[in-house]
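# Notes for the structure review
One letter stands for each residue in the lines below.
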Amino acid sequence: MDEAHAAPAGLWKRYAGHFRIGAAVNRRTLDSHARLLAEHFNSITAENEMKWGSIEPNPDDFRFEVPDRMAAFATARGIGIRGHTLVWHNQTPAWVFSGGRMELAERMRRHIQAVVGRYRGRIYCWDVVNEAVADAGGDRLRASPWLEGMGEDYIAHAFQLAHGADPDATLFYNDYNETDPGKRAKIHGLVGDLRREGVPVHGIGLQGHWRLDAPSARDIRASLDLYASLGVRLQVTELDVSVHAGREPAAGAAEPAPELLERQAERYAEIFAIFREYRAVIDAVTLWGIADDATWLDNFPVRGRKDWPLLFDTHHRPKPAFAAVARGVEPAR
Ligand code: XIL
């Protein structure tokens with residue numbers, strides 16, 4: 001076959017000697033993006049469908065239909081599944097937080113046992129607690145309804161329950177702004193304390209919602225070093241590289257300027273070169289989506305502002321960013 005027309009070797013195969021390449025999927029993209037998924041990714045994360053509000057919207061009313069479909073899709077293709085997420089302050093129904101400490105702890109127990117138990121042996125890792133650390137200020141923990149309702153040990157409790165429900169799953173603490181020097185010190189402190197107390201937390205997830213200009217390579221390396229010093233596994237769990245610098249309103253462009261896509265490709269090259277350096281501690285790098293036609297950044301942090309943060313374009317064609325990531329490694333033969 002003419003080299004120029006040869007399909008690029010699947011990304012996950014190229015990275016087989018390094019780490020898994022994952023993607024967030026949702027109930028729609030599981031079908032609409034199935035071809036790209038199967039070709040390039042060997043780990044999937046449910047974008048919303050395993051969050052508390054989706055999977056247990058009412059007490060003991062579990063909705064496993066879509067998560068089961070995702071699990072079947074993955075299992076049939078030898079793709080791993082990351083579980084996301086058990087205990088979070090967002091996308092969790094209000095009923096979970098009504099009542100006192102004992103009631104919250106009991107709901108947490110039923111939820112974790114049901115959800116982790118159902119996918120025991122099939123979901124290889126779980127984001128057990130998501131975003132518990134405060135961004136700024138002196139406090140280590142975010143003022144969340146979990147903290148208010150159960151006190152600080154809601155975190156340890158969640159990890160113990162998850163470990164009981166699937167002793168083989170790798171259990172992660174997952175957060176954003178994870179490369180910020182102040183916040184990374186708090187995340188390091190929290191996970192270090194938990195591990196000293198014997199709590200089964202095995203990994204730290206770096207969400208990786210990054211931009212063209214930030215965080216710096218220096219902060220990325222410093223964060224990977226600091227987290228790895230705890231002796232835990234690392235994953236980049238929600239990587240995307242926004243082409244926007246901040247919260248400025250939409251420029252109105254229907255397509256990204258070619259030079260912007262080139263800058264993004266250079267940025268992806270830089271980021272993946274760092275990840276490859278750390279392959280001894282990084283087990284997976286998951287993109288928060290597959291192609292630019294389905295990205296949460298179209299509505300975050302500004303509603304209705306188009307963004308192009310992923311490796312494939314709105315027509316599912318590989319972008320310069322894809323080539324930059326693929327170029328870093330030779331295809332496996
Ligand atoms: C986002 C989803 O992508 C959106 O579809 C949803 O509306 C909000 O949540 N950190 C996380 C993810 O841990 O679960 C979030 O996902 C993005 C930020």
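Above this note sits the structure.
Read on for a plain summary of the structure. (Residues numbered from 1 in each chain as written. Predicted model: local features only at pLDDT ≥ 70, side-chain atom pairs only at ≥ 80, totals over all residues. Heavy atoms only, no water.)

## A closer look at the overall build of the chain
Put simply, the rule reads: Secondary structure elements follow DSSP: runs of H or I of four or more residues count as helices, runs of E of two or more count as strands, with numbering from the N terminus. C-alpha atoms define the radius of gyration, and 2.2 Å times the number of residues to the power 0.38 defines the globule rule. Exposure categories follow from relative accessible area, calculated using a 1.4 Å probe and restricted to protein chains: below 20% of the type maximum is buried, above 50% is exposed, and the middle band is partly exposed.
On a plain count of helices and strands, the chain comes out with 12 helices and nine strands. Its C-alpha radius of gyration of 19 Å places the chain within 12% of the 20 Å reference for a compact globule of 333 residues. Taken along the three principal axes of its C-alpha coordinates, the chain extends 65 × 45 × 40 Å. Classification of the 333 residues of the chain by burial places 53% in the buried group.

## Quick word on the nonpolar core
Inclusion rule: Residues enter a nonpolar core if they are buried and are Ala, Val, Leu, Ile, Met, Phe, Trp, Tyr or Cys, with the set joined through side-chain atoms within 4.5 Å.
Residues Trp126, Val129, Trp146, Tyr173, Phe272 and Phe275 are the most contacted members of the largest nonpolar core, which totals 97 residues. Among the elements that make up this core, the one with the highest residue count is helix H8 (residues 154-165) (eight residues).

## Description of the side chain of Ser144
Here is the rule we go by: Identification of polar contacts relies on pairs of N or O atoms within 3.5 Å, with a donor-acceptor requirement for protein atoms, meaning one able to donate a hydrogen and the other able to accept it, and with residues adjacent in sequence counted only if both atoms are side-chain atoms. Throughout, a contact is declared for two residues whenever any of their heavy atoms are within 4.5 Å.
Relative to the helices and strands, Ser144 is located in the loop between strand S4 (123-130) and helix H7 (145-150). Classification of Ser144 by relative accessible area gives buried; the value is 4%. From its side chain, Ser144 meets the backbone nitrogen of Trp146 in a polar contact 3.1 Å long. In this structure Ser144 touches His89 and Tyr154, once residues within four positions along its chain are discounted.

## Here's the deal with the pairing of strand S6 (residues 203-206)
For clarity, the cut-off: Two strands are counted as paired when DSSP detects at least two bridges linking them. Note on handedness: a clockwise path from strand one over the helix to strand two, with the strands aimed away from the viewer, defines a right-handed crossover.
Burial of the side chains of S6 extends over both faces: Gly203 and Gly205 are buried on one face and Ile204 and Leu206 on the other. Judged from the four bridges that link them, strand S5 (residues 170-175) and S6 form a sheet pairing that is parallel. Its bridge partner being in S6, Phe172 is matched across the sheet by Gly203. With respect to chirality, the unit in which S5 leads through helix H9 (residues 181-196) into the neighbouring parallel S6 is right-handed.

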